[in-house]
Amino acid sequence: MSIFTRYAMDALMKTTHPEVNRKQCWNLHPHRTPCTACKDICPYGDEIFTRPNLVKDWDPCTDCGLCVSACRSGCIAPSPEQVQRDISPADSDGDTIWIGCERSTRKNTVVRTCVSAYSWEALAYLALNKKIVLDLTPCGECENDVCAEHLRAVLTRLVEFFGQPLFEARFTLAYELDDAPFHVKEYSRREMMEQVTSGSKKGTKQLLRMLPGLRSEDESSQDFRLLLHQYTKQLKAVSETPLHYGYHLPNFTQKCFACGRCEKSCRSGAIKFEDLPDGQTRAVITPWKCSECGVCVAACSNGGLDGLKLRQLTSLGPVSVYKCTKTLCKECGKPIAPNCADGICSVCRIKLRTKKRQEEAVARAKERQAEREAKKAAEAAAKELAEEIKNASPSQPPIGGSSPEGGAPGVPVTSTVNE
């Protein structure tokens, strides 16, 4: 098998499933309750996921996209094939796209395992190109409550993104079979040949794009949020009055002193702190990179972030949301709270406290060592004195000592004889 054929087979057979980036998983950050959204919504959750961020086997995967749509932190990224499949209806003829699930008896242009398999970013991208009809006729009889709850969250997010008037103008929710029926367009022979030729060219181009070495880095890293950003940027450039899109961004409070903890916790790189020439520091957020997961809010322990706030933006590019003046630590130079009394950060405070305690402990140890040495010196001096006294005493008995007979000292011994 040639290298070209092997790369082609690998690209066609091994890259259709989503990709998991474990570093971005919500469960690897400070949290109160673990997130199991991907495993709960997947029809083969126990067979594919050993843990929410660890894949056991992709073989049962049907590439439905439910796990991608349900992932709150961008840990599960769609494959290039899924991105192309979900956004391809935007290039179709007509001005309306009918989206339905497999249980629907209606004729729809797009059929998925579930309507909620489309992420809200993908639906927003399609709605900016075409009008969308969501076939919800089977939802009333569906027993999958997880998908129904997720679909409500997707629709709520779309209303927040577009606003109620624009949402009603671009989306139609079909709850009955007679609502927004599908219209079949009849093509002439010339139009039919053009459609076949165009489809063949698109298929060949997509096949070449999938091969390693022929796919550019920008195309391989595209996801629904980036595509949505690019299209909103184009719309802003050609329209006199740009539309406003609702996006949830971290809400900075006056307690924020640009410590950078939220920037480090954001794995997608949506938050950046930039130093300005006037001495201030600003927080810049890139909305299309932000997955609205809330990890930055959970990582902040100073009260500098107060949840996520809905903001109206004309573009999903970088936007400055907060400015402050840094107060630096006297010891290490890191940012600290402005109302800090001693002018040092908590880490340096602990280090200084620990250093002081160590110095006190060393001083006490030296005092105890000096006391022990003084005590040993006094004992040694007393011992030497006792030895000197013992050595200075005479070895012979003193004058007038005891006689061998045991008489009193200094008194002559007399004996008496009984006559």
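No experiment lies behind these values; they were computed from the predicted model shown.

Novice: How should the packing of helix 6 (residues 120–129) against helix 7 (residues 145–162) be read in this particular structure?
Specialist: Two numbers describe a pair of packed helices, the interaxial angle and the distance between the axes. Across the interface, helix 6 lies against helix 7 with an axial gap of 10 Å and an inter-helix angle of 50°. As judged from the angle between their axes, helix 6 and helix 7 are oblique. Judged by the sense of rotation from one axis to the other, the crossing of helix 6 with helix 7 is right-handed. Of the residues in helix 7, those in contact with W120, L123, A124, A127 and L128 of helix 6 are V154, R157, L158, F161 and F162. Split by residue class, the contact of helix 6 with helix 7 holds nine nonpolar, no polar and one charged.

Novice: Would you mind going over a positive patch on the surface with me for this structure?
Specialist: A contiguous patch of positive charge on the surface is contributed by R261, K264, K334 and K351. Secondary-structure assignment places R261 in helix 12 (residues 261–265).

Novice: Help me understand the packing of aromatic side chains in this model?
Specialist: Scanning all chains against the criterion turns up nine aromatic pairs. Through a chain of ring-to-ring contacts, the aromatic side chains of W120, F161, F162, F167, F171, Y245 and Y247 assemble into a single cluster. Taking the ring centre of W120 as reference, the NZ or CZ of R157 above it sits at 4.3 Å. Positioned above the aromatic ring of Y247, the side-chain terminus of R157 is 5.3 Å from the ring centre.

Novice: Explanation requested: the sheet that holds strand 13 (residues 319–325) in the structure shown.
Specialist: Adjacent strands of a sheet form backbone hydrogen bonds with each other and so pair up, either parallel or antiparallel. Across the sheet, which stays open at both edges, the three strands sit in the order 10-11-13 with antiparallel pairing between neighbours. Of all the strands in the sheet, the pair left with one neighbour each is strand 10 (271–275) and strand 13. Sheet twist, expressed as the average angle between the axes of neighbouring strands with direction ignored, equals 25°. Relative to strand 11 (residues 280–285), strand 10 runs antiparallel, the two sharing five bridges. Within strand 11, the residue paired with K272 across the bridge is V284.

Analysis parameters
- Residues numbered from 1 in each chain as written.
- Predicted model: local features only at pLDDT ≥ 70, side-chain atom pairs only at ≥ 80, totals over all residues.
- Heavy atoms only, no water.
- Axes fitted to C-alpha atoms, helices over the stretch in contact; angles between N-to-C directions.
- Helix = DSSP H or I, 4+ residues; strand = E, 2+ residues; numbered from the N terminus.
- Parallel < 35°, antiparallel > 145°, perpendicular 65-115°, else oblique.
- Left-handed = near helix turned anticlockwise from the far one by under 90°.
- Contact = heavy atoms within 4.5 Å.
- Nonpolar A, V, L, I, M, F, W, Y, C, P; charged D, E, K, R; others polar.
- Patch = residues over 30% accessible without salt bridge, like charges linked within 9 Å, V, L, I, M, F, W, Y side chains within 5 Å.
- Areas by Shrake-Rupley, 256 points an atom, 1.4 Å probe, with all protein chains shown as cover.
- Salt bridge = Lys/Arg side-chain N within 4 Å of Asp/Glu carboxyl O.
- Lys, Arg positive; Asp, Glu negative; His and termini not counted.
- Charge placed at Lys NZ, Arg CZ, Asp CG, Glu CD.
- Phe/Tyr/Trp six-rings, centres within 6.5 Å; stacked < 30°, edge-to-face > 60°.
- Lys NZ or Arg CZ within 6 Å of the ring centre and 35° of its normal.
- Pairing = 2+ DSSP bridges.

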